[in-house]
There are 4 protein chains.
Amino acid sequence: MDSGKRLKIAYIGGGSFRFGWRFMSEMASEEICGTVSLYDIEKKPALANEVIGNKFREQKGCRSDIIYLAADNINECLRDADFVILSISGDMEDYVSDLHLPEMYGIYQSYGENTGPAGILRALRILPHYIEFARKIKELCPNAWVINLTNPMNVCLMTLYREFPQIKAFGSSSEPFSVSELLAEITGRSLSVPSVHRREIKTNLVGINGFSFVNEASYNGMDIMPIFTEFAQKYADDGYERRPEEFRLNPAACANKVRFDMFLRYGMIPAQSDRITAEFCPPWYLRSPKTAASWKFAQVNINLLKKQQTERAARSKLLMEGGDSLRIGGYTSDCISQIKALAGMGNLITNACLPNSGQVENLPKGVITETNALFSKNCVRAVTSGGLSEELYALTVRHTVNQKLIVDAVFEKDLDIAFNAFINDPLMSADLSSAGELYKEMLTAVSTKLLYYTS
Amino acid sequence: MDSGKRLKIAYIGGGSFRFGWRFMSEMASEEICGTVSLYDIEKKPALANEVIGNKFREQKGCRSDIIYLAADNINECLRDADFVILSISGDMEDYVSDLHLPEMYGIYQSYGENTGPAGILRALRILPHYIEFARKIKELCPNAWVINLTNPMNVCLMTLYREFPQIKAFGSSSEPFSVSELLAEITGRSLSVPSVHRREIKTNLVGINGFSFVNEASYNGMDIMPIFTEFAQKYADDGYERRPEEFRLNPAACANKVRFDMFLRYGMIPAQSDRITAEFCPPWYLRSPKTAASWKFAQVNINLLKKQQTERAARSKLLMEGGDSLRIGGYTSDCISQIKALAGMGNLITNACLPNSGQVENLPKGVITETNALFSKNCVRAVTSGGLSEELYALTVRHTVNQKLIVDAVFEKDLDIAFNAFINDPLMSADLSSAGELYKEMLTAVSTKLLYYTS
Amino acid sequence: MDSGKRLKIAYIGGGSFRFGWRFMSEMASEEICGTVSLYDIEKKPALANEVIGNKFREQKGCRSDIIYLAADNINECLRDADFVILSISGDMEDYVSDLHLPEMYGIYQSYGENTGPAGILRALRILPHYIEFARKIKELCPNAWVINLTNPMNVCLMTLYREFPQIKAFGSSSEPFSVSELLAEITGRSLSVPSVHRREIKTNLVGINGFSFVNEASYNGMDIMPIFTEFAQKYADDGYERRPEEFRLNPAACANKVRFDMFLRYGMIPAQSDRITAEFCPPWYLRSPKTAASWKFAQVNINLLKKQQTERAARSKLLMEGGDSLRIGGYTSDCISQIKALAGMGNLITNACLPNSGQVENLPKGVITETNALFSKNCVRAVTSGGLSEELYALTVRHTVNQKLIVDAVFEKDLDIAFNAFINDPLMSADLSSAGELYKEMLTAVSTKLLYYTS
Amino acid sequence: MDSGKRLKIAYIGGGSFRFGWRFMSEMASEEICGTVSLYDIEKKPALANEVIGNKFREQKGCRSDIIYLAADNINECLRDADFVILSISGDMEDYVSDLHLPEMYGIYQSYGENTGPAGILRALRILPHYIEFARKIKELCPNAWVINLTNPMNVCLMTLYREFPQIKAFGSSSEPFSVSELLAEITGRSLSVPSVHRREIKTNLVGINGFSFVNEASYNGMDIMPIFTEFAQKYADDGYERRPEEFRLNPAACANKVRFDMFLRYGMIPAQSDRITAEFCPPWYLRSPKTAASWKFAQVNINLLKKQQTERAARSKLLMEGGDSLRIGGYTSDCISQIKALAGMGNLITNACLPNSGQVENLPKGVITETNALFSKNCVRAVTSGGLSEELYALTVRHTVNQKLIVDAVFEKDLDIAFNAFINDPLMSADLSSAGELYKEMLTAVSTKLLYYTS
């Protein structure tokens, strides 16, 4: 990577009106110079983003020099890329069956992207594409840094590494910001410091994406775990929300009751928001919709998602025509900062998902972990982060074993292997024959997306 | 151990009319010479067994020279023992609450001694005694071989080793005979050999007590796994019982459907009977009584147990008066054979529970495993047995972690620690607050047996 | 393996007048029925052994029913074998250069077959044949039990397993009998028991072939380590020999001074005789011929070996003509007993070399260990044996790493890789350039045997 | 650590005219505010340094605000310290016997502080003080950051952690700068960039102090390993020195021949200068003074050291009187930078010695490793660095085992334990009885410093 040259960034899933817009907004606020090649299965939204992205250059305050170009095909997008962003989402309708069929069997999920029956089905649909991505990257840009944003994060990365072991891939997730933001807020209140930013909170992070934990936290060198402990004890029963009952309207919000409960029992703070953490546990927090409500977090609201989708589509027209514009900046992800650090513009320490080479002491080598990592020019290295407590280890290892089974199933094109992950999922409270029926129904519902397995 | 001398065998729980009678019957058929000291919390049944045991000497066909003596206290029983048998059972009434309270929360168990809410409560009651046993053994007979027969096997042994690391203890379980007997029967049928005995079937056994597995089996040097595979496929749907529907009358019987199912999915044959195996899994086979019935195994029948208890009490009177006599021989356990081998009367290879020193490749060092072991004069050594398949490992490691938590709870006298095992049990499908309520109710129901924890 | 049928035993190296004769003598004393196919690079001695072996049938006291047949080629020898014995020796002349060239550089060896410069050169010559053996066995008798007797034991077995991972191979070494015999003698003297046999001494054995150790020993259930400790302390300075100064005449004899020294420092008794143990250490015992003499063990005497070779050749003629006969019985090896146990004629516990699957706790998985193993019908399983003491571990791990390098060198046909093992050998006290020269000279001396590497 | 407050730095060994002056010079160039408490066994040089250090404040260009104070005793020095610097050196005369006695036995060392007979004797003298340091730190400043500069680095740190496991200690060594400086120079030449600084070279460092290795190196994001490989091949035979034959005059210089040799054989570049690396190997490079000369590195020159010592003593008088002054700046160590980072003045990534928690994949947990680490406010975390190549692992593990033995010997006050490390040292080419004699002679020579062991 020559530091003077224009970067080529390949964006797979580049027709996104969600992360795509955030990405372009944040790009605009940085002194980066390069070309972003947008590829999407549907070319139309990629073309829309080409237009929207290129408008930034005219906007006041834009610091970057980026040309956006919709790619005709994936090869064109990837060829000679310095960075590859993988950020694909599924079809909303698949999501409906992923979540609603299990409910017929008493299995409720709050997020549905990472784990549980919904996460497994999602993985089965998405991972064949990841095998293909890895092959193309090996062929067209083997030295590129590959940043995965797609869920289920752990199996997506595991698939890339299995197909192309030399790949320089990591996962960038903003879920762990959740705990830093809460710690920042608590610390500010406790120390009467007006506005502590999440970046000022230094944590030790350990676990897997979706189920990672903080066991050390400091602000300005001061240990703030005692502050958090007191806070957790105080709010364990009623929960804590910045805006009371916000979780009912905004599913991304929560009252941190799951966080407090797990911390008080296990001594480590869940890094991600409650609806994510809850799905990785036995049905403690998700036995029924009522249970979730009593823990004050929301289940995913598909109607809301669909409404947002429609609104964004409408807005995209406006943006293209210049009737509206995206705000510059934002920083809800560290993706741009990671690109900058890798391109040689300063070191960065932030959370990243990487194959375990020792950073998590008691997880097996090779599983995808989420810990802090050090980003510097053309280099990412995980920071040693100690191990999970024994109880959290037992909860976690089920997932790492299941993840391996899911990836095995994909590489061997054998849906029976994935069934073993399905019935070993902690949320799977059905008896075995019901589980078998449910699995068949779920496969049938999305059968057109699973043709890969019958080939 | 001087081979000529009379052995002293301390029998803790020596008032038993179940294993106690079996023990005495089998003793009578061996050329062993010694004294068995019978200790029980209630002295009366121990005295009854003293009388019953000593009658064997007059019986025709008795080959042993054993004097039975009821001990006044545990110290008298243990002092200078060469062997210690630990075989205690709980109060039937505790068993009732162990099993029935969880049913109010939709949690069903089929055996209730090893794991699940019932197994945890049982452990909490029994293990404080085991700390005491270990202390007494360390003081009174530190070189004795200690044979545990009590359930929950794994945590009983773990407790002994934690309190007295140099203890020469192992667990003797007859549950793995179940798979050998089935293999013997199948092999006999398949090869048209009239009566194959379980001892003629050689297996490789790997796992933990209650959840151990066979992945190699041979008869007379011939690999019989292909025979079993064909058999399992043939009978997977309808199950196989020697006497059809026997499981409805005899809870120890089963149709092996769970065995076939797990074998066909995981490639390793559950060693124990279905009702034991099922309890170590998620609620696959125990979602409801109907589920269990569809898998053709019975749940424990407490009324039947109570009836048998009453009948045995009645018979004990007859036996003492000489109006009835126990049959010599039997061999439903390997306990006597193990004693003989350790006393120098020939080598023996059989299953045993021992701390892992490498015999199970992928379980942590120190957990109690169940594998084959080599018994010779004053020596027991586990045989290397390879590892569990990855899926079975994930199911097993939850139990080994839970077992550690239970033992921690006992040593730290902290019932909150045990609660973490309670809610991490695979059968625990309740939400967290319901689980909390259930735990409190179960503790309350047996509170007089848990005074240890409040001290 | 059908127990009634005639066994087919393939004997590679079947022209041996050393182990070959011992093998036939011992065979004759057992009720075994079968055919032994003798293959040797030179057919003449194999034919001689055919004649000599078949004469046993006429001899009084012969209990076996064995037909010996010299094979024309290796395929004929191996095809459908039930057992394969690998027992090849090198050319005496190669041995001369192996030993004498290093002496020019101040490096002295006492045995020269297992390790040190001589052992490495020997491995480089022999292992290419072992790759070939493994291929042939895979093709012609994949289910045969393969018994290796050739040195260097560890790398021979490692090569077989690398080429054919499913091979059923183990190593049979009589070196560990050395410690059992000494323990038997000491025990007999100490307890005034007239003749204790080595088989009556039960030991726990742990390590690698040529460098294995006993840390537990009992006789009739009695711990005899205290007896040995006292003995070692008493004789540490002067050594102990049954016949004083025997080591000067019989290189297989020794005064056990190395054994006592290592035991007193490390707490574990070297299992093999001193001249073998010494070679695995830094030049503690082999700095010069004088050093060896002060430790009262002999270096290998090639003139003596040559003389014995000539004598045996002469005797072979006599034996063929019937002018002399071999004695039936002997039991200086457990090879026949192992065959019997594997063929289903009773269980056997004895030392064996096997890939580590956990039997030695602190050696890496897959290295070839020497521990006790359980032989039963068609089954060998190592017995868990604990670990090496830390100091012995550090001495041992150098050898296991070197062994891997040697095997790598052979599979990659790259003599530079083996050079790293050469200079990392504990006996290598030369500086690096001298070591390089020596290596070249040694390779040159046997260059006709190393053509494999230039192909 | 409150960031506004004056730092208290305790300097044990504060009478040093070597590192002490460098420390003060570098301190003067940084904006640090605090008190440095100088403690030394001899108070006089500490008082001299108090005077010399306090003169900096008057010097032009001094940016720090530091008060130097000689402490009357160690308690006064350590009490409430924020940082503790441990930097003690031995008596020059001890060094003489450490090095010269082994030469009588043909054992030559080039540095004598880290390993080999000299390093072991040094450790035996120094480590009892380290037990005492750890105890005092635990009592007087348990939250201080403890920076060790004393050799033998690995056992000093191991001792601190053994005595006080919660200690916040790490080792700061400038030896790895050696490889960075060479890489910087080569890179500058190769790319025609005028002056590349060692800090601009980014490496992955893995190993133990004195024997650590670089397997990745980049300059400005560009992989420079190919440049180094070409260079190493070119200069392997003749070596490379900036100033030819400099090594003859300056023992710290070398021709990198050892570095090139090991890299070409093992694929990892020794991080430290040749005379350090050579001592950790078998006598490859140190068989005799001639061998060392042929590899173009110098052995330690005690006369030169003594001369420098005398010169510094003379200069100290001048400095106190103001007739001379120390230069501000220098940066031959990262110690000051590490203090700054820990005090919250910016993050730092540099090499550090820390107990292994996973940063070196194939070294045991708990041994002291040398890798890169991330320094931030009140936090040091090692960066995951992969593992050593198998050959280097085998060379290294001997040292880690020996180090443990040495520390065991110190804690158990048992010089026999240390003898096992002595004879297992790779440089120990003597036979066992000579080694025993040498050990006794070396102990006797410094017996007044070893009274601890007889208490």
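Look above for the structure.
Below, the structure is looked at part by part. Small disclaimer: the values here were computed from a predicted structure and weren't measured. (Residues numbered from 1 in each chain as written. Chains lettered and ligands numbered in written order. Predicted model: local features only at pLDDT ≥ 70, side-chain atom pairs only at ≥ 80, totals over all residues. Heavy atoms only, no water.)

Structural notes on the relation of the copies chain A and chain D
Inclusion rule: Least squares is the method used to superpose the copies, on C-alpha atoms of residues holding a pLDDT of at least 70 in both.
The two copies are related by a screw motion: chain A maps onto chain D through a turn of 179° and a shift of 0.0 Å along the axis, at an RMSD of 0.0 Å. As the rotation angle and translation indicate, the two copies are arranged about a two-fold axis.

Digging into the environment of D:N372
Residues and elements named next belong to chain D. Applicable threshold: Going along the chain from the N terminus, every DSSP run of H or I of four or more residues is numbered as a helix, and every run of E of two or more is numbered as a strand. Residues count as neighbours in contact if any of their non-hydrogen atoms are within 4.5 Å of one another. Contacts described as polar in this section are N or O atom pairs within 3.5 Å, which, within protein, must combine one atom able to donate a hydrogen with one able to accept it, while residues neighboring in sequence count only if both atoms come from side chains.
Mapped onto the fold, N372 is located in strand β12 (residues 368-376). N372 sits 14 residues away from G358 along the chain, and the two C-alpha atoms are 13 Å apart. When near neighbours in sequence (up to four residues on either side) are disregarded, N372 contacts T203, N204, L205, I349, T350, N351, A382, V383 and S385. Reaching out from N372, the side chain makes a polar contact with the backbone oxygen of T203 at a distance of 2.7 Å.

Brief notes about the interface of chain A and chain D
Counted only if it meets this: Put simply, buried area is how much 1.4 Å-probe accessible surface two parts lose in total, over both of them, once they are put together. By convention in these notes, a salt bridge is any Lys or Arg side-chain nitrogen within 4 Å of a carboxyl oxygen on Asp or Glu. Any residue outside Ala, Val, Leu, Ile, Met, Phe, Trp, Tyr, Cys, Pro, Asp, Glu, Lys and Arg is labelled polar, Gly included; the first ten of those are nonpolar and the last four are charged.
At the junction of the two partners, chain A supplies 25 residues and chain D supplies 25 residues. When chain A packs against chain D, the two sides together hide about 2,100 Å² of surface, and 44% of this comes from carbon and sulfur. The tally of links between chain A and chain D comes to 4 salt bridges. Across the pair A:E216 and D:R381 runs a salt bridge whose closest N-O atoms are separated by 2.8 Å. Summed over the shared surface of chain A and chain D, the result is 16 residue pairs in polar contact (both at pLDDT 80 or more). Of all the elements in the fold, those that place two or more residues in the side of chain A that touches chain D are β7 (201-208), β12 (368-376) and β13 (379-382) of chain A. Of the residues forming the side of chain A that touches chain D, the biggest block, 3 residues, is contributed by β13(A). Classifying every residue of the side of chain A that touches chain D gives 6 nonpolar, 13 polar and 6 charged.

Digging into the packing of helix α5 (residues 116-140) of chain B against helix α15 (residues 415-424) of chain B
Residues and elements named next belong to chain B. Stated formally: Lines fitted to the C-alpha atoms define the axes, with helices restricted to the stretch that makes contact. Angles between their N-to-C directions range from 0 to 180 degrees. Note that the term roughly parallel is reserved for angles under 35 degrees, roughly antiparallel for angles over 145, roughly perpendicular for angles of 65 to 115, and oblique for everything else. If you view the pair so one helix is near and one far, a crossing is left-handed when the near helix is turned anticlockwise from the far one by less than a right angle, and right-handed when it is turned clockwise.
Contact geometry of α5 with α15 gives a least axis separation of 10 Å together with a crossing angle of 155°. In terms of orientation, α5 lies roughly antiparallel with respect to α15. Both α5 and α15 take part in a crossing whose hand is right-handed. Here P117, I120, L121 and L124 of α5 come into contact with α15, specifically with L415, A418, A421 and F422. Residue classes in the contact of α5 with α15 are distributed as 8 nonpolar, no polar and no charged.

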